[in-house]
Amino acid sequence: MNRCAVAIAALSGIGLTGILASQGCSSRPSLRPETAKALYEISKANIETRDSKEQTFSAMDWSLGEIPSSDRALPLNSPDGQWLAVETGPPVNSSTLLGIPDAPIPTANTVEIWKLDASSATLTKHTRLPAPLLLGQSADQNGFLVESPRSNGSRWIGKADWTTGEINWLVQDNALNTFGSLGPEGELAWCTRPLAVREFSLAIRFSDGEEVGIGPNGGEWLMPSWSTRSSRLSVFFLSDDGVLSLLSMNAQTPRMITDPPRRYDIMTGSRRLDVLHARSGQPVIQGTPPPPLEEVIFYHPVTQSIYVWLPTNLLKKPPFGLSTDSIVATKDPLSRGYLVATNGDLRWQDPDDRNGFVRVRYGTTIPRVTTSQVAPYLLFVPGSGQVEVRVMMQQKSIPAPSIPNDNSVG
């Protein structure tokens, strides 16, 4: 097989744009100028544009290997794309994940740290942390959050170092502490409840160590999430009468926390499990490319798709939906679109066109963005007892052919 055939075969899964953009095919037929121009116009017409902005997405991806997984939690990655943390062990009951009183206490789960090298396409297990541990939903360049279930039903929150695996216990008391999220300046937000109380309060620790607590007040607080571009904090509030709301507050200082938050009511008749679904698959990884606008991405339990809320929008518009069958999404830092995972594929989507998209690859694939030049996108492909880790790079759009300006050629 010649070099040209090998290149096309290797790129057969990434679409026509990617194949045409590939390099290294040395045997290229010579085209008449008018034919080359016509082909270019056809290829250019297949790339949708709006306001002269690129509205296509062409990429190639390759596998780094598979790592064991507990099936309930996708890996956390460092913002530079060099480290992964993955939970291993038996399935964890949803009542345990939600911190419901008298839920089973996991004792056999733990977390492994893996080193990722996209250049050599390798994954290496770095260290295994002592059990029992549950993987959290937040990380930064220094480490990632874990939870330690205690035999009395309480739970601690710690931050494990990527390189040493050493855990710094951030919240260590006799309450059940869970749903931790790291802030852009080292802040921490989490939910906490005494063992004799069912409802969760919201706790916020600022970068200077000062702490603020907000009581249940007719409901409970669940799954806070710091912004990756500012000191805003989003959090779910589940009222006693079942109304689930998403709130966004300015958490720059303790005083600003008392300012009226932006609020969006999601649904009625809600339960804690709805909140678990709403936040699932959307970890907070500080240090990754921030979105251009303040946004909160969540899974809508009623419409069963991903929505994007712009809480600081002056027009106070409601959240807008992405693909109708979306399960996870992340802002693409290299375009105005979103990388959207569904149960059947990974797609790039223009936020102004819910029904229009570019399919990136088939199969359920969870995207993450990083600051790495070698691995700007990490892809996680869930499997049974394991997860495949892939790296994706975006390809350039089709270049214009060089057409000689010779009107005499017939």
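Check the entry above for the structure.
Quick look at the structure, then.

What counts as what
- Residues numbered from 1 in each chain as written.
- Predicted model: local features only at pLDDT ≥ 70, side-chain atom pairs only at ≥ 80, totals over all residues.
- Heavy atoms only, no water.
- Helix = DSSP H or I, 4+ residues; strand = E, 2+ residues; numbered from the N terminus.
- Buried < 20%, exposed > 50% of the residue type's maximum accessible area, 1.4 Å probe, protein only.
- Contact = heavy atoms within 4.5 Å.
- Areas by Shrake-Rupley, 256 points an atom, 1.4 Å probe, with all protein chains shown as cover.
- Phe/Tyr/Trp six-rings, centres within 6.5 Å; stacked < 30°, edge-to-face > 60°.
- Lys NZ or Arg CZ within 6 Å of the ring centre and 35° of its normal.
- Pairing = 2+ DSSP bridges.
- Axes fitted to C-alpha atoms, helices over the stretch in contact; angles between N-to-C directions.
- Polar contact = N/O pair within 3.5 Å; in protein donor to acceptor, adjacent residues only side chain to side chain.

### What to know about the overall build of the protein chain
Here is step 1 of the chain: A tally of helices and strands in the protein chain yields six helices and 30 strands.
Here is step 2 of the chain: Per-residue burial over the protein chain gives 52% buried out of 410 residues.
Here is step 3 of the chain: When contacts within the protein chain are restricted to residue pairs at least 6 apart in sequence, long-range pairs at least 24 apart make up 47% of them.
Here is step 4 of the chain: Total accessible area computed for the protein chain in this model is approximately 19,100 Å², and 51% of it derives from carbon and sulfur atoms.

### Some details on the packing of aromatic side chains
Here is step 1 of the chain: One pass over the structure, following the stated rule, counts nine aromatic pairs.
Here is step 2 of the chain: Taken together, the ring pairs in this structure connect Tyr 264, Phe 298, Tyr 307 and Trp 309 into an aromatic cluster.
Here is step 3 of the chain: Its guanidinium or amino end placed over the ring of Tyr 338, Lys 331 lies 5.6 Å from that ring's centre, counting from NZ or CZ.
Here is step 4 of the chain: Over the ring of Phe 357 we find Arg 347; its NZ or CZ atom is 3.7 Å from the centre of that ring.

### Re unusual backbone geometry
Here is step 1 of the chain: Cis geometry marks the peptide bond from Ala 131 to Pro 132; its omega dihedral reads -5 degrees.
Here is step 2 of the chain: Topologically, Pro 132 is positioned in the loop between strand 7 (122–128) and strand 8 (134–139).
Here is step 3 of the chain: Located in the positive-phi region is Asp 102, a residue other than glycine, with phi close to 65 degrees.
Here is step 4 of the chain: For Asp 102, the location among the structural elements is in the loop between helix 4 (94–97) and strand 6 (110–117).
Here is step 5 of the chain: Even without glycine at this site, Lys 316 takes up a positive phi of about 55 degrees.
Here is step 6 of the chain: Tracing the sequence through the fold places Lys 316 in the loop between strand 22 (305–309) and strand 23 (320–321).
Here is step 7 of the chain: On the accessibility criterion, Lys 316 (63% relative accessible area) is exposed.

### Side note on the side chain of Ser 231
Here is step 1 of the chain: The topology assignment puts Ser 231 in the loop between strand 16 (219–226) and strand 17 (232–239).
Here is step 2 of the chain: Overall, Ser 231 belongs to the buried group, its relative accessible area being 17%.
Here is step 3 of the chain: Sequence-distant contacts of Ser 231, that is, excluding residues within four places in its chain, are made with Pro 184, Glu 187, Trp 226, Met 249, Asn 250, Ala 251 and Gln 252.

### Structural notes on the sheet that holds strand 28 (residues 366–369)
Here is step 1 of the chain: Pairing in this open sheet of four strands is antiparallel, and the strands run 3-30-29-28 from one edge to the other. With one partner strand each, in any of the chains shown, strand 3 (59–68) and strand 28 form the two edges of the open sheet. Within the sheet, the average angular offset between the axes of one strand and its neighbour, ignoring direction, is 25 degrees.
Here is step 2 of the chain: Taken together, the four bridges between strand 28 and strand 29 (residues 377–382) define a ladder with antiparallel strand orientation. By the bridge assignment for strand 29, Val 369 is matched with Tyr 377.

### What about the environment of Arg 229?
Here is step 1 of the chain: With respect to the element layout, Arg 229 can be found in the loop between strand 16 and strand 17.
Here is step 2 of the chain: With residues near it in sequence (within four places) discarded, Arg 229 still touches Pro 290, Pro 291, Pro 292, Leu 293 and Glu 294.
Here is step 3 of the chain: A polar contact is formed between the side chain of Arg 229 and the backbone oxygen of Pro 291, at a distance of 2.8 Å.
Here is step 4 of the chain: Separated by 3.2 Å, the side chain of Arg 229 and the backbone oxygen of Pro 292 make a polar contact.

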